[in-house]
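Residue-level structure breakdown
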Amino acid sequence: MILERLTAVFVPTHLALAMLIIALFLAFARLLRGPTLPDRVVALDLVSTLAVGMMAAYAVMTNQPVFLDVAILLALIAFLGTVAFALYVGKGRIP
Amino acid sequence: MSLILRTATRFLLPLLLLFSLFLLLRGHNSPGGGFVGGLVAAAAFALYALAFDVAAARQLLRIDPRQLIAVGLLVALASGMVAWLAREPFMTGQWSYITVLGIGPVPLGTPLIFDLGVYLVVVGVMLTIILSLAEE
């Protein structure tokens, strides 16, 4: 039972979280360096998507389905900021 | 904005409003509540304003968001005054049970009405800010 939980929950979720954190650092590096504004906007969108993934992995890890609702909410809302950025980049208000 | 965003908004707006109602209704016992629900509903209308334009969002809302603030405050005040009818201090929760076929007794109380007031106030405040900023 304990071994089953270790292989089915503990190891995969920790592995997934570790990879997500590495991806988060890489996305953050692109956010800081990104030569142009669209690069930064896409990096910001990626960060919010990675946060959704981290919440889902954390929900499995802690066996708390409540975190999944937060992930749904963030997934529904997060692209709103990207759309707003795209609107202003398209209008040419931000150099 | 683009046709893709407009089409996606037509599907996302009902979904976001449904999710905001879900957050509002279960807020008493689980994470959620009037505040978060109101924020999600305001985000839904903000998305509509981005995809179409601000005038379309105002027309979809039907009422001026400032009126929503006043209505929400009155609803919250009324939920507190219900306790006076039972000769109890202001804002004491009053509960009644309604039997729904197939589910059993469902507790209904004044905290839900208070949450509804908070929901309306948050939607009104957020939309007043967002729509007037977007109109500039």
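Refer to the preceding data block for the structure.
Cut-offs used in this document
- Residues numbered from 1 in each chain as written.
- Chains lettered and ligands numbered in written order.
- Predicted model: local features only at pLDDT ≥ 70, side-chain atom pairs only at ≥ 80, totals over all residues.
- Heavy atoms only, no water.
- Helix = DSSP H or I, 4+ residues; strand = E, 2+ residues; numbered from the N terminus.
- Buried < 20%, exposed > 50% of the residue type's maximum accessible area, 1.4 Å probe, protein only.
- Contact = heavy atoms within 4.5 Å.
- Areas by Shrake-Rupley, 256 points an atom, 1.4 Å probe, with all protein chains shown as cover.
- Lys, Arg positive; Asp, Glu negative; His and termini not counted.
- Charge placed at Lys NZ, Arg CZ, Asp CG, Glu CD.
- Salt bridge = Lys/Arg side-chain N within 4 Å of Asp/Glu carboxyl O.
- Polar contact = N/O pair within 3.5 Å; in protein donor to acceptor, adjacent residues only side chain to side chain.
- 1 Å grid on protein atoms, 1.4 Å probe; cavity = no way out; pocket = protein on both sides within 12 Å on 5 of 7 lines; lining within 4 Å.
- Points joined across faces, edges and corners; volume = space filled by probe spheres on them.
- Nonpolar A, V, L, I, M, F, W, Y, C, P; charged D, E, K, R; others polar.
- Expected span 1.5 Å × (residues − 1).
- Axes fitted to C-alpha atoms, helices over the stretch in contact; angles between N-to-C directions.
- Parallel < 35°, antiparallel > 145°, perpendicular 65-115°, else oblique.
- Left-handed = near helix turned anticlockwise from the far one by under 90°.
- Phe/Tyr/Trp six-rings, centres within 6.5 Å; stacked < 30°, edge-to-face > 60°.
- Pairing = 2+ DSSP bridges.
- Arc of directions from axis to C-beta.
- Core = buried A, V, L, I, M, F, W, Y, C linked by side-chain atoms within 4.5 Å.

1. Digging into the overall build of chain B
- Across its full length, chain B carries 5 helices and 2 strands.
- Counting helices and strands in the order they occur from the N terminus, chain B gives α-α-α-α-β-β-α.
- If one aligns the C-alpha atoms of chain B with their principal axes, the spans along those axes are about 55 × 35 × 25 Å.
- Burial status across chain B gives 38% buried among its 136 residues.
- Here the contacts in chain B between residues at least 6 apart in sequence split such that 60% fall between residues at least 24 apart.
- About 8100 Å² of surface is accessible on chain B, with carbon and sulfur atoms providing 71% of the total.
- Considering chain B, the positive charge centre built from 7 side chains and the negative charge centre built from 6 side chains are found 7 Å apart.

2. Remarks on the interface of chain A and chain B
- Each partner contributes residues to the interface: chain A has 11 residues there, and chain B has 15 residues.
- Linking chain A to chain B there are 1 salt bridge.
- Here A:Asp69 ties to B:Arg26 by a salt bridge, and the two come within 2.8 Å at their closest N and O atoms.
- One can count 1 residue pair in polar contact (both at pLDDT 80 or more) joining chain A with chain B.
- Among the elements of the structure, α3 (66–77) and α4 (79–91) of chain A are those that each provide at least two residues to the side of chain A that touches chain B.

3. So, the layout of surface pockets
All names here are of chain B.
- Taken as a whole, the second largest pocket encloses approximately 280 Å³ of empty space.
- The wall of the second largest pocket is formed by 15 residues, among which Leu25, His28, Trp95, Pro107 and Leu112 lie closest to the centre.
- Take the lining of the second largest pocket: its biggest share by element is 4 residues, from strand β2 (residues 104–109).
- Grouping the constituent residues of the lining of the second largest pocket by class yields 8 nonpolar, 5 polar and 2 charged.

4. Comments concerning helix α2 (residues 34–51) of chain B
- Spanning 18 residues, α2(B) covers 26 Å between terminal C-alpha atoms, matching the ideal 26 Å at 1.5 Å per step.
- When you tally the buried positions in α2(B), you get 15 out of 18 residues, the bulk of the element.

5. Some points on the environment of A:Leu74
Residue and element names in this part refer to chain A.
- Along the chain, Leu74 turns up in helix α3.
- Overall, Leu74 belongs to the partly exposed group, its relative accessible area being 26%.
- The residues contacting Leu74, other than those within four sequence positions of it, are Ser48, Ala51, Val52 and Met55.

6. Examining the packing of helix α1 (residues 3–26) of chain B against helix α5 (residues 110–135) of chain B
Residue and element names in this part refer to chain B.
- Remark: α1 packs on α5, axes separated minimally by 9 Å, with the N-to-C direction vectors making an angle of 140°. On the basis of their axis angle, the class for α1 and α5 is oblique. In this structure, the crossing between α1 and α5 has a hand that is right-handed. Contacts between α1 and α5 involve Ser20, Leu24 and Leu25 on the former and, on the latter, Leu112, Asp115, Leu116 and Tyr119.
- Partitioned by chemical class, the residues of the contact of α1 with α5 number 5 nonpolar, 1 polar and 1 charged.

7. Things to note about the packing of aromatic side chains
Residue and element names in this part refer to chain A.
- Going through the model one piece at a time under the given rule, you end up with 4 aromatic pairs over all chains.
- Judged by centre distance (5.2 Å) and plane angle (65°), the rings of Tyr58 and Phe67 are edge-to-face.
- Judged by relative accessible area, which is 36%, Tyr58 ranks as partly exposed.
- Phe67 gets classed as partly exposed once you look at its relative accessible area, which sits at 31%.

8. Focus on the pairing of strand β1 (residues 95–100) of chain B
Residues and elements named next belong to chain B.
- Here 6 bridges tie β1 to β2, and the two strands are oriented antiparallel to one another. Looking at β2, one finds that Tyr97 is bridged to Pro107.
- Counted between consecutive antiparallel strands, the loop separating β1 from β2 contains 3 residues, among which Gly102 sits at a positive phi close to 95°.

9. Some thoughts on helix α3 (residues 54–61) of chain B
Residues and elements named next belong to chain B.
- When α3 is considered as a whole, its buried residues turn out to be Val54, Ala57 and Leu61. Around the axis of α3, the buried residues are gathered within 60° of arc, so they sit on the same side. When the buried face of α3 is taken as reference, the exposed residues oriented beyond 90 degrees from it are Ala55 and Gln59.
- Check the buried side of α3 and you find it contacts α2, α4 (65–85) and α5.
- Where α3 terminates, the next one or two residues include Arg62, which has phi positive at roughly 70°.

10. Let's talk about the nonpolar core
- If you look at the biggest cluster of nonpolar residues, it comprises 33 residues, and the most contacted ones within it are B:Leu16, B:Tyr119, B:Val123, B:Leu127 and B:Leu131.
- Of all elements in the fold, only α3 and α4 of chain A together with α1, α2, α3 and α5 of chain B reach the threshold of two or more residues within this core.
- In terms of residues, this core owes the most to one element, α2(B), which gives 11 residues.
- Setting aside its immediate chain neighbours within four residues, B:Leu131 contacts B:Ala49, B:Val54, B:Ala57 and B:Arg58.

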